[in-house]
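Residue strings, one per chain:
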Amino acid sequence: NAGVTQTPKFQVLKTGQSMTLQCAQDMNHNSMYWYRQDPGMGLRLIYYSASEGTTDKGEVPNGYNVSRLNKREFSLRLESAAPSQTSVYFCASLDGAADTQYFGPGTRLTVL
Amino acid sequence: SQKIEQNSEALNIQEGKTATLTCNYTNYSPAYLQWYRQDPGRGPVFLLLIRENEKEKRKERLKVTFDTTLKQSLFHITASQPADSATYLCALDRGSTLGRLYFGRGTQLTVWP
């Protein structure tokens, strides 16, 4: 039981490049989330998916897209990376019975 | 918009003492409030959840209180140990079924021997 996994762990991009951050969970949770964490700021919600086939914007969705590929997988795409997107990105899934979120280990992204 | 404040960025205490962390919120009344622990380079880990109709919750050396009148939650670690050193995050949910959480910036706790 791996919980929530994320790939890659680290990534460096140049401005304008695109990439996809991958997230998978093996806990059979319906809801999944993407957050970013910046120094001196709390975790901020980018997008979430309440169930397979649905996605919704969070607090800071601009510059990102998401895909809920199936119940297990929820990916985050940066179409044209900008230095302002330098951050640590966390994926999470929700145990709805306990109202508890489980987080992945994070992806540290640097955009030059 | 929801605003969540954690009392200080850093808290240093001696081993064996009780650490008390504060979380204040404005604008909305959350259905429940959660506390997470985050170690450097790792994702947050859930510790405790307290609902709006609960005053206090305990788990081993951890205790959380919730005062909806003051719009405040206190998180206590009793008999603190150096292994408790980490950043502690407060998060609240406004009661939708979507599980959307709003996080504070966190308080970095250091417990010295």
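Structure shown above.
Residues numbered from 1 in each chain as written. Chains lettered and ligands numbered in written order. Predicted model: local features only at pLDDT ≥ 70, side-chain atom pairs only at ≥ 80, totals over all residues. Heavy atoms only, no water.

**Topic: the interface of chain A and chain B**
Then step 1. Across the boundary between the two partners, chain A contributes 22 residues, which contact 20 residues of chain B.
Then step 2. When chain A packs against chain B, close to 1,600 Å² is buried across both sides, 52% of that on carbon and sulfur atoms.
Then step 3. By the criterion of area lost to chain B, the three top residues of chain A are A:L43, A:D99 and A:F103, representing 28% of everything that side buries.
Then step 4. At the boundary of chain A with chain B, the tally comes to one salt bridge.
Then step 5. We note a salt bridge from B:R51 to A:D99, for which the minimum N-O separation is 3.0 Å.
Then step 6. The interface formed by chain A and chain B includes five residue pairs in polar contact (both at pLDDT 80 or more).
Then step 7. At the level of elements, β4 (32-37), β5 (44-49), β9 (87-95) and β10 (100-103) of chain A are the ones that each hand at least two residues to the side of chain A that touches chain B. (Contact = heavy atoms within 4.5 Å. Buried area = accessible area lost by both parts, 1.4 Å probe. Salt bridge = Lys/Arg side-chain N within 4 Å of Asp/Glu carboxyl O. Polar contact = N/O pair within 3.5 Å; in protein donor to acceptor, adjacent residues only side chain to side chain. Helix = DSSP H or I, 4+ residues; strand = E, 2+ residues; numbered from the N terminus.)

**Describing the state of the cysteines**
Then step 1. The tally for this structure, following the rule as stated, stands at two disulfides over all chains.
Then step 2. Linked covalently through their sulfurs, A:C23 and A:C91 form a disulfide whose S-S length is 1.8 Å. The sign of the -70 degrees torsion about the S-S bond sets the A:C23-A:C91 disulfide as left-handed. Of the two residues, A:C23 sits in strand β3 (residues 19-25) while A:C91 sits in strand β9, which places them 68 residues apart along the sequence. In this structure, A:C23 and A:C91 share a single accessibility class: buried.
Then step 3. Linked covalently through their sulfurs, B:C23 and B:C90 form a disulfide whose S-S length is 1.9 Å. Between B:C23 and B:C90, the S-S dihedral sits near -60 degrees, and the bridge is therefore left-handed. With B:C23 in strand β3 (residues 19-26) and B:C90 in strand β9 (residues 86-93), this pair connects stretches of sequence that are 67 residues apart.
Then step 4. According to the relative accessible area criterion, B:C23 is buried, its value standing at 0%. (Disulfide = S-S within 2.5 Å. Buried < 20%, exposed > 50% of the residue type's maximum accessible area, 1.4 Å probe, protein only.)

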